[in-house]
Amino acid sequence: MNIKRTVLALALVTAFSLSSCTGELEAENAQLKKELEETKLQLKEQTKLSEFAKEQATTAKRRADEAEKALAECNGEN
């Protein structure tokens, strides 16, 4: 009789432990998913900023080239 109770008690303790472990894993998984989504959003924002900076650099180079050309033309006229 004591063996049956001991086995039943161990089974209940094991089931409770597994249940607690599963709950902790689910909470950790939810946190990791949240962090992943935040990281994706940050990456998207950084990509947009990078593209904007590239456009600005291209515009600045084009303007510098135009200014250099205008200066060369101006010097050529004098």
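The structure under discussion appears in the preceding block.
Keep in mind that this is a model prediction, so the values were computed, not measured.

Asker: Sorry if this is basic, but what is going on with the overall build of the protein chain here?
Answerer: Across its full length, the protein chain carries one helix and zero strands. Taking 78 residues into account, the globule formula puts the C-alpha radius of gyration at 12 Å, and the protein chain, at 33 Å, lies well above it. The principal-axis extents of the C-alpha atoms in the protein chain amount to approximately 115 × 10 × 5 Å. By the burial criterion, 0% of the 78 residues in the protein chain qualify as buried. Charge-centre separation for the protein chain: the mean point of 12 positive side chains lies 10 Å from the mean point of 14 negative side chains.

Asker: Even after reading the chapter, I still don't get the pattern of salt bridges, so can you show me in this structure?
Answerer: Pairing between side chains of opposite charge can happen when their charged atoms approach one another. A complete count under the given rule lists three salt bridges for this structure. Here K40 makes a salt bridge to E37, at a shortest N to O gap of 3.6 Å. With a gap of three residues between them, K40 and E37 both fall in helix α1 (residues 2-77), about one helical turn apart. Assessed through its relative accessible area of 45%, K40 is described here as partly exposed. Under the relative-accessibility criterion, E37 is labelled partly exposed at 43%.

The rules behind each value
Residues numbered from 1 in each chain as written. Predicted model: local features only at pLDDT ≥ 70, side-chain atom pairs only at ≥ 80, totals over all residues. Heavy atoms only, no water. Helix = DSSP H or I, 4+ residues; strand = E, 2+ residues; numbered from the N terminus. Rg over C-alpha atoms; globule rule 2.2 N^0.38 Å. Buried < 20%, exposed > 50% of the residue type's maximum accessible area, 1.4 Å probe, protein only. Lys, Arg positive; Asp, Glu negative; His and termini not counted. Charge placed at Lys NZ, Arg CZ, Asp CG, Glu CD. Salt bridge = Lys/Arg side-chain N within 4 Å of Asp/Glu carboxyl O.

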